[in-house]
Amino acid sequence: MVNEEKHDKGPLHFAIQLDDSVIEFYPQKSEKPNTPMTFGLSADVDTFEYLQTTTECKNLNKNSLIISDPENNQIIVHKMAV
């Protein structure tokens, strides 16, 4: 699940918890138009299944899903082959 976060006086940003890791998206510091970012990662079967059941995601196929934040930044998660 994508969560809004703000630490002390820092900027509002979005975070995704993946087991012991956190991926955070911070706003651009310039006034230039924002272009959404997409990147991919591989996850073991347990993590992949956890993400499918605990996040708002779109399944691309049985081995890939997309997690998006409200600014349309995306993470494409691929299930690692066993």
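The model shown is predicted, which means the values in this text are computed figures rather than measured ones.

S.K.: Help me understand the pairing of strand β2 (residues 13-18), please; the structure alone is not making it clear to me.
M.R.: Every regular strand shows the same layout, with side chains that alternate between the two sheet faces. Within β2, five of the six residues are buried, which leaves the element mostly enclosed by the surrounding structure. Relative to β2, strand β1 (residues 2-5) is paired through four bridges, and the arrangement is antiparallel. Its bridge partner lying in β2, Val 2 is registered against Ile 16. Judged from the five bridges that link them, β2 and strand β3 (residues 21-25) form a sheet pairing that is antiparallel. Paired with Leu 18 across the two strands is Ser 21, which belongs to β3. Between β2 and β3, which pair antiparallel in sequence order, lie two residues; one of them, Asp 19, sits at a positive phi of approximately 55°.

S.K.: Help me understand the nonpolar core in this model?
M.R.: Soluble, globular proteins show a tendency: their nonpolar side chains are buried together. Phe 14, Ile 16, Leu 18, Ile 23, Phe 25, Ala 43, Phe 48, Leu 51, Leu 65, Ile 67, Ile 75 and Val 77 together form the largest nonpolar core, which totals twelve residues. Listing elements by their share of this core, those giving two or more residues are β2, β3, α1 (45-54), β6 (64-68) and β7 (74-79). Of all the elements, β2 adds the most residues to this core, at three residues. If we skip the residues at most four places from it in the chain, Ile 67 touches Val 2, Ile 16, Leu 51, Thr 55, Glu 56, Cys 57, Asn 73, Gln 74, Ile 75 and Val 77.

The rules behind these values
- Residues numbered from 1 in each chain as written.
- Predicted model: local features only at pLDDT ≥ 70, side-chain atom pairs only at ≥ 80, totals over all residues.
- Heavy atoms only, no water.
- Buried < 20%, exposed > 50% of the residue type's maximum accessible area, 1.4 Å probe, protein only.
- Helix = DSSP H or I, 4+ residues; strand = E, 2+ residues; numbered from the N terminus.
- Pairing = 2+ DSSP bridges.
- Core = buried A, V, L, I, M, F, W, Y, C linked by side-chain atoms within 4.5 Å.
- Contact = heavy atoms within 4.5 Å.

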